[in-house]
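Structure at a glance
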Amino acid sequence: MLERMGLPKTGASQLGVALSDEQLEQFEVYFHELADWNKRANLTAIIEYKAVQVKHFLDSLTVCLTAREYLAGPVRVMDVGAGAGLPGLALKLAFPEMELALVESVGKKTAFLEHLVATLGLEEVSVHTGRAEDLAREEGLRDAFDLVVVRALAKLPLLLEFSLPFCKTGGRLVALKHGGDWSEQGSAANALKELGGHIERVSTVLLEGLTDNRIVISVEKTKPTPERYPRGVGIPGKRPL
C-alpha cells in the first residue's frame, strides 16, 4: 500500500520543500476531486493514483528549481492555460501565502477549478475564464504578476507571447517543458527580443519518475511588453514571432 501522497512528499523534499500532513491531505482531496470530475469533464488523460502524484503534482512543484525564492512569501502568481489547475494549484497548496490567478479558456475546466478552490477552502485564488490574448489586455492582469507559470502550453515563441504580458518587469516566467527540446530556445530569440524577455536559466529535472527529458525554463521580464502583444486570437499560432 502506497503511503498517502508519499511520492510528492519525497520529491518535494528533494526540491527543498517540506509538505505538512495537512498539505498532503489537501493533495489527496485534489486527487479524488480530479478523478471524480474527470469522468464528465475530460480534464486529464493521467488519472491513476501513482501517476497523478508524480506526473501532475510533483511535476508542478519543479517550478521550484528556478523560482524557489519567489514562492517563499506573499507573491502574485498566474498560471496561464491552467487546465486542471496544474501547476498553479499544486504550488498554492505547497506555498499557501501566494496570491494565485488561474487563466483557462474552457468553461468546464474553470468550473472544476472554482469547485476545487471552494472544496479546499483556499483563499486569494481567482479563476478567469477566457483566452490569454484577451485577458492580457485587462487592467489588473497585465504587467501585474511577480511569477507567471505555464506547463506544456505551446512552443516557446507562442508561450512567451501568451504569457509574458502578464508578468511585471523584473518578474519571472517559468515554463515546464517535456521532451527537453533545447532547440526551442534558439527559435524563441526573436520573441524574447520583441516581448521583453531574457532566458536566465534552464534546469534539467532529475527526480525519480519524471522522465521524458523534462526541463524548467526561467525567463526574466526585462522591459514592458509592447501594447500590440499579444496579437489577436489565432494570429500568434499562424505567424509565430
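Our subject is the structure listed above.
Structural notes, computed from the coordinates. (Residues numbered from 1 in each chain as written. Predicted model: local features only at pLDDT ≥ 70, side-chain atom pairs only at ≥ 80, totals over all residues. Heavy atoms only, no water.)

1. Details of unusual backbone geometry
Looking along the chain, the bond that leaves Leu-86 and enters Pro-87 is cis, with omega of 15°. As for its position among the elements, Pro-87 is in the loop between β1 (76-80) and α5 (88-94). Phi at Met-5 takes a positive value of approximately 55°, unusual for a residue other than glycine. As for its position among the elements, Met-5 is in the segment before α1 (6-14). By relative accessible area, which is 0% here, Met-5 ends up buried. The phi torsion at Asp-143 lies on the positive side, around 55°, for a residue other than glycine. Mapped onto the elements of the fold, Asp-143 is located in the loop between α7 (132-135) and β4 (145-151). (Helix = DSSP H or I, 4+ residues; strand = E, 2+ residues; numbered from the N terminus. Buried < 20%, exposed > 50% of the residue type's maximum accessible area, 1.4 Å probe, protein only.)

2. Looking at the pattern of salt bridges
With the rule as written, the count across this model stands at 13 salt bridges. With a shortest N-O distance of 3.4 Å, Asp-143 and Lys-221 are connected by a salt bridge. Placement of Asp-143 in the loop between α7 and β4 and of Lys-221 in strand β7 (residues 215-221) is noted, with a sequence separation of 78 residues between them. Notably, a salt bridge pairs Arg-231 with Glu-161, separated by 2.9 Å at the nearest N-O pair. Taken together, the positions of Arg-231 in the loop between β7 and α11 (235-238) and Glu-161 in helix α8 (residues 156-163) put the pair 70 residues apart, joining distant regions of the chain. Assigned by exposure class, Arg-231 and Glu-161 land together as buried. Residues joined in a network through salt bridges with shared partners are Arg-4, Glu-25 and Glu-28. (Salt bridge = Lys/Arg side-chain N within 4 Å of Asp/Glu carboxyl O.)

3. Quick look at the packing of helix α2 (residues 21-41) against helix α3 (residues 49-61)
One can describe the packing of α2 onto α3 by two numbers: an axis separation of 11 Å at closest approach and a directional angle of 110°. Taken together, the axes of α2 and α3 are roughly perpendicular relative to one another. Taken as a pair, α2 and α3 cross one another with a handedness that is right-handed. The segment α2 lies against α3, with Phe-27, Glu-28, Tyr-30, Phe-31 and Leu-34 engaging Tyr-49, Val-52, His-56 and Phe-57. The residue inventory of the contact of α2 with α3, partitioned by class, reads seven nonpolar, one polar and one charged. (Axes fitted to C-alpha atoms, helices over the stretch in contact; angles between N-to-C directions. Parallel < 35°, antiparallel > 145°, perpendicular 65-115°, else oblique. Left-handed = near helix turned anticlockwise from the far one by under 90°. Contact = heavy atoms within 4.5 Å. Nonpolar A, V, L, I, M, F, W, Y, C, P; charged D, E, K, R; others polar.)

4. Examining the nonpolar core
By size, the foremost hydrophobic cluster in this structure holds 54 residues, and its most contacted members are Val-63, Leu-71, Leu-89, Phe-112 and Leu-147. The greatest single-element share of this core, amounting to seven residues, is contributed by α2. Beyond its immediate sequence surroundings of up to four residues, Leu-71 is in contact with Val-63, Cys-64, Val-77, Leu-91, Phe-95, Met-98 and Leu-147. The next biggest cluster of nonpolar side chains, apart from the first, holds 33 residues, and it includes Phe-162, Leu-164, Leu-173 and Ala-191. (Core = buried A, V, L, I, M, F, W, Y, C linked by side-chain atoms within 4.5 Å.)

5. What to know about the environment of Pro-87
Classification of Pro-87 by relative accessible area gives buried; the value is 0%. Through-space distance from the C-alpha of Pro-87 to that of Lys-55 is 11 Å; in sequence the pair is 32 residues apart.

6. Observations regarding the packing of aromatic side chains
Counting across every chain of the model gives four aromatic pairs. Judged by centre distance (4.9 Å) and plane angle (70°), the rings of Phe-31 and Tyr-49 are edge-to-face. Of the two residues, Phe-31 sits in helix α2 while Tyr-49 sits in helix α3, which places them 18 residues apart along the sequence. Since its relative accessible area comes to 18%, Tyr-49 is described here as buried. Joined through ring pairs, the aromatic side chains of Phe-27, Tyr-30 and Phe-57 make up one cluster. Above the face of the Trp-37 ring, Arg-40 is positioned so that its terminal group lies 4.8 Å from the ring centre. Sitting over the face of the ring of Phe-145, Arg-76 holds its NZ or CZ atom 4.5 Å from the ring centroid. (Phe/Tyr/Trp six-rings, centres within 6.5 Å; stacked < 30°, edge-to-face > 60°. Lys NZ or Arg CZ within 6 Å of the ring centre and 35° of its normal.)

7. Describing the side chain of Lys-92
Here Lys-92 is to be found in helix α5. Despite its burial, Lys-92 pairs with no opposite charge; the closest candidate is Glu-124, at 5.1 Å N-O. Polar contacts involving the side chain of Lys-92 include one to the main-chain carbonyl oxygen of Met-98, which spans 2.7 Å. In this structure, Lys-92 is in contact with Met-98, Leu-100, Leu-122, Glu-123, Glu-124 and Val-125, ignoring residues within four places of it in sequence. (Lys, Arg positive; Asp, Glu negative; His and termini not counted. Polar contact = N/O pair within 3.5 Å; in protein donor to acceptor, adjacent residues only side chain to side chain.)

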